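Chain by chain, the residues:
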Number of protein chains: 2
Amino acid sequence: MKKVNVGIIGLGTVGGGVVRTLIDKQAIISDKAGIAVSVVKVFDSDTRKARDLHIPQGLIASDAREVIDDVNIDILVELIGGIQPANDIIIGALCNGKHIVTANKALIASYGKELFEIAEQLGCSIGFEASVCGAVPVIKILNESFSANSIQLLYGIVNGTSNFILSRMALHHCSMKDALKEAQARGLAEANPKLDIDGGDACHKLCILAMLAFGKFVKPGEVYVEGIRQLDLQDMIYAKDWGYDIKLLAVGKRISNSLELRVHPTLVPADHLITSVKGEDNAVFIKGDMIGESMLYGKGAGRTPAASSVISDIMDISRNIGLSGTSSPFRIRKTEGILKIADIGDLVSRYYLRFLTIDEPGVLAAVSSILARNKISIATVSQIARKQGQAVPIVMLTHEAKESAMNKALKVIDRLPMVKAKTVRIRIEK
Amino acid sequence: MKKVNVGIIGLGTVGGGVVRTLIDKQAIISDKAGIAVSVVKVFDSDTRKARDLHIPQGLIASDAREVIDDVNIDILVELIGGIQPANDIIIGALCNGKHIVTANKALIASYGKELFEIAEQLGCSIGFEASVCGAVPVIKILNESFSANSIQLLYGIVNGTSNFILSRMALHHCSMKDALKEAQARGLAEANPKLDIDGGDACHKLCILAMLAFGKFVKPGEVYVEGIRQLDLQDMIYAKDWGYDIKLLAVGKRISNSLELRVHPTLVPADHLITSVKGEDNAVFIKGDMIGESMLYGKGAGRTPAASSVISDIMDISRNIGLSGTSSPFRIRKTEGILKIADIGDLVSRYYLRFLTIDEPGVLAAVSSILARNKISIATVSQIARKQGQAVPIVMLTHEAKESAMNKALKVIDRLPMVKAKTVRIRIEK
């Protein structure tokens, strides 16, 4: 039986899961794949981690370099995350002719192109299934299963923390703050939840999905990002009344030669399949010219779901080790630079708007005439009466309008004396 | 650029889609894969088909043998379906050293083991993604993405025709007969719909899924199969009242060393993700020890969805052509024979029961005492009063009971003088 040796750097949640699985399930995995995969060296800067995982002393390296330079290692698995030292580790290992498996979304999103170019030159493969949506094999599916398709659209619920918070607000009618506290109590959100709830994590994942779905390398800074921090429970309740749920969507949409890439809270029709994705689960909805509509759903994070994806990458690469030539399914396309990233100002969308105004005669007239002047037409409006002179919300759904026109209109509206707070604006997807 | 030559036998719906896509999208596909795939020969016994597809005359073979024996062909794509002559064509092509891509579920379900053994001996690959669930890449995912998992459970909505009929009955409150007529009018059901609505098609697909998920070759005759033909609208309405939908599920469940494999109408809780799969769409819900719960959803049939899967197989095999040695991800496991297929009599399930009885004193007592004698306990019961002496349904949900005990009880109940028709029994999945 073919033998493949693996080195692992980073023994945190995912790394620990990978090591234990490769050791504990070695017989099952080799029966399925016909390949004996062995962990031959591991490293983590926190030396307790290897001990806690009961890894035999002989497998524990004293620094990362020892793993990178081990000539017996075929595949180096990088699971420390972040840009550095992960980038140096991967480049070092590639230069030593090793294949790479990583779950590092920040690194692939930011420096994927450079890494894939180096790997291609050196005849090595980089597996990164675990970098997006944990156990959901969206990387492989976009890259291999749907390879004959021109992908027109993808909607991703790719950040489990945000989806947990939104699901909880909708179900328990609680505030964002309380839902976040609950997520933290369950270990689903970090003490500083910025990367999750401000959309940065979803942005990294969208960059990777865009590279696969549309053949375009996109840097995180090129994506329009809006998180869920400012969302208010009342918006979820209004949305629900009108037949919508609010989800933090990562949207990728091809419109002729331009590419919309955006992460923001979105009103989605409550009967759309993606709204049935609740709690910390992830899903990616994909529309292609041949497949029509498709959706992948599963666990987005956690020790064993992510480890499952890391090991599937290890097995894929292992099958090809020892064969002449490389057969990595991911390639940088010749057409890579053709699509242009659309400016968010050019977006055409329907909108949910909530104005917080003083309840006095002429308010709705003022607001709606400013919208009309900017060619924004109102589809539905709801104004709940309060005591005269008190602040009340006017809530509306618009027909399709241009984002730049909406920005202009809201700038004027938010300066009106009867408008008491910044207008809430949420985009709608059909 | 690497060149790969493809021959195609069968130019029906799927075959036509494959040929046209390979010709029309050649530039896009080769840019993505770095391989130039060319159709070099096609055959269909109906010669008009090649003409209607505008295939250049020089590519049209005058018999299947011409394709099988063409030394320039690397991959033979078999899309005629059915056992023969498909089996002979595939074996002939394998013996000529060609790789195979097929969408033939009946053949893979019935003779998969034999074909994979021949392919393994000859160092050839067989791709069969399009044999189950059209565009849904469940074959690849079970075989590659989830390969480190022990799969515990799968639920498949794998027959689009049945799911369309059930969805339509539920939505429009129409009869099975009317829903079937509508399916036929839309081209979703054949004039003779037996294979779809009696569960045979779902059974073939379950055999293939079982081979991948559980590493066990199962012949169609070993699967318990019950179709949807006998389903009545009133059962869907009763089920709905109790929070369930009725779906034709293909169920695979591992319970220690035995394997439940069954296709039958099933009550599924209305809030389960799989009940959101409506119309002719397909989905497979998978539970594994590492991934947790996962679901794949998409188009189950049709020209371009199936062609998309066929082409993904062609690309996968193409990547490995010319490399030394084979690297097919599908292997017959050493542990293949270990799992035993469970007898349906040993199933432990909750049940939905509808008794059609004369409304007279003591009926419910008689029925329930027979159930009790067989250790079947009732969870919920509903009896709608009619005029005394008329037939009325008694509908109930039971707690968990053994199938063999249920069979015994129903045999006795159906012989009671006050029971006017065969009792309807539908299994429940949680």
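Above this text is the structure in question.
Residues numbered from 1 in each chain as written. Chains lettered and ligands numbered in written order. Predicted model: local features only at pLDDT ≥ 70, side-chain atom pairs only at ≥ 80, totals over all residues.

Novice: Break down the overall build of chain A for me, citing the residues and quoting the values.
Specialist: Counting its regular elements, chain A contains 15 helices and 17 strands. Its C-alpha atoms give chain A principal-axis dimensions of about 80 × 45 × 35 Å. In chain A, which comprises 430 residues, the proportion classed as buried is 53%. Counting only contacts in chain A whose residues sit at least 6 apart along the sequence, the fraction spanning at least 24 positions is 75%. (Helix = DSSP H or I, 4+ residues; strand = E, 2+ residues; numbered from the N terminus. Buried ≥ 20, exposed ≤ 12 C-beta atoms within 10 Å, placed from the backbone. Contact = placed C-beta atoms within 7 Å.)

Novice: Explain the nonpolar core residue by residue, including any values.
Specialist: Judged by nonpolar contacts, the single largest core of 284 residues is most densely connected at V310(A) and V310(B). Ignoring any residue separated from it by four or fewer positions in sequence, one finds V310(A) in contact with V14(A), V18(A), V77(A), V101(A), A103(A) and A130(A). (Core = buried A, V, L, I, M, F, W, Y, C linked by C-beta atoms within 7 Å.)

Novice: Kindly report on helix α1 (residues 13–24) of chain A, identifying the contributing residues and their values.
Specialist: Residue and element names in this part refer to chain A. Helix length check: α1 (12 residues) gives 16 Å between terminal C-alpha atoms against 16 Å at 1.5 Å per residue, within 8%. All of the buried residues in α1 are V14, G15, G16, G17, V18, V19, T21 and L22. Along its buried surface, α1 packs onto β1 (2–9), α2 (26–33), β2 (35–43), α3 (47–52), β3 (75–78) and α13 (303–320). (Expected span 1.5 Å × (residues − 1).)

Novice: Lay out the sheet that holds strand β5 (residues 126–127) of chain A with the relevant residues and their values.
Specialist: Residues and elements named next belong to chain A. What the 5 strands build is an open sheet, ordered β2-β1-β3-β4-β5; its pairing is parallel. Edge positions in the open sheet fall to β2 and β5, since each of these has one partner strand only. The pairing of β1 with β3 spans 4 bridges and is classified as parallel. Residue pairing across strands places G7 opposite L76, the latter belonging to β3. Relative to the sheet, α13 contacts β1, β2, β3, β4 (99–102) and β5, its axis offset from that of β4 by approximately 165 degrees. (Pairing = 2+ DSSP bridges. Axes fitted to C-alpha atoms, helices over the stretch in contact; angles between N-to-C directions.)

Novice: Which residues make up the pairing of strand β6 (residues 151–157) of chain A, and what values go with them?
Specialist: Residue and element names in this part refer to chain A. Among the 7 residues in β6, 5 count as buried, and that is most of the element. In this sheet, strand β10 (residues 281–288) lies alongside β6 in antiparallel orientation, the contact comprising 6 bridges. By the bridge assignment, I151 is partnered in β10 with G288. Note: β6 against strand β8 (residues 244–255), 4 bridges, orientation antiparallel. Across the sheet, the residue bridging to G156 is A250, located in β8.

Novice: Mind laying out the packing of helix α6 (residues 105–122) of chain B against helix α11 (residues 200–214) of chain B, listing which residues take part and the relevant values?
Specialist: Residues and elements named next belong to chain B. Across the interface, α6 lies against α11 with an axial gap of 8 Å and an inter-helix angle of 55 degrees. Considering the angle they form, α6 stands oblique to α11. Regarding α6 and α11, the two cross each other, and that crossing is left-handed. Every residue of α11 that contacts α6 at K105, A106, I108, A109 and G112 is listed here: H204, K205, C207, I208 and M211. Taken together, the residues that form the contact of α6 with α11 break down as 6 nonpolar, 2 polar and 2 charged. (Parallel < 35°, antiparallel > 145°, perpendicular 65-115°, else oblique. Left-handed = near helix turned anticlockwise from the far one by under 90°. Nonpolar A, V, L, I, M, F, W, Y, C, P; charged D, E, K, R; others polar.)

Novice: Describe the sheet that holds strand β4 (residues 99–102) of chain B, listing the residues and the values that go with them.
Specialist: Strand pairs in the sheet, formed through backbone hydrogen bonds, run parallel or antiparallel to each other. Residues and elements named next belong to chain B. Spatially, the 5 strands line up as an open sheet ordered β2-β1-β3-β4-β5, and their pairing is parallel. In this open sheet, the two edge strands, each paired with only one partner strand, are β2 (35–43) and β5 (126–127). Here strand β3 (residues 75–78) pairs with β4 via 4 bridges, running parallel. If you follow I75 over to β4, its bridge partner there is H99.

Novice: Please set out the environment of V6(B) residue by residue, giving values where relevant.
Specialist: Residue and element names in this part refer to chain B. Looking at the secondary structure, you find V6 in strand β1 (residues 2–9). C-beta crowding within 10 Å serves as the criterion here: with 27 such atoms nearby, V6 is assigned to the buried category. Between the C-alpha atom of V6 and that of V77, which follows or precedes it by 71 residues, the distance is 7.2 Å. For V6, the contacting residues outside a window of four places in its chain are L22, V37, S38, V39, V40, I73, I75, V77 and I314.

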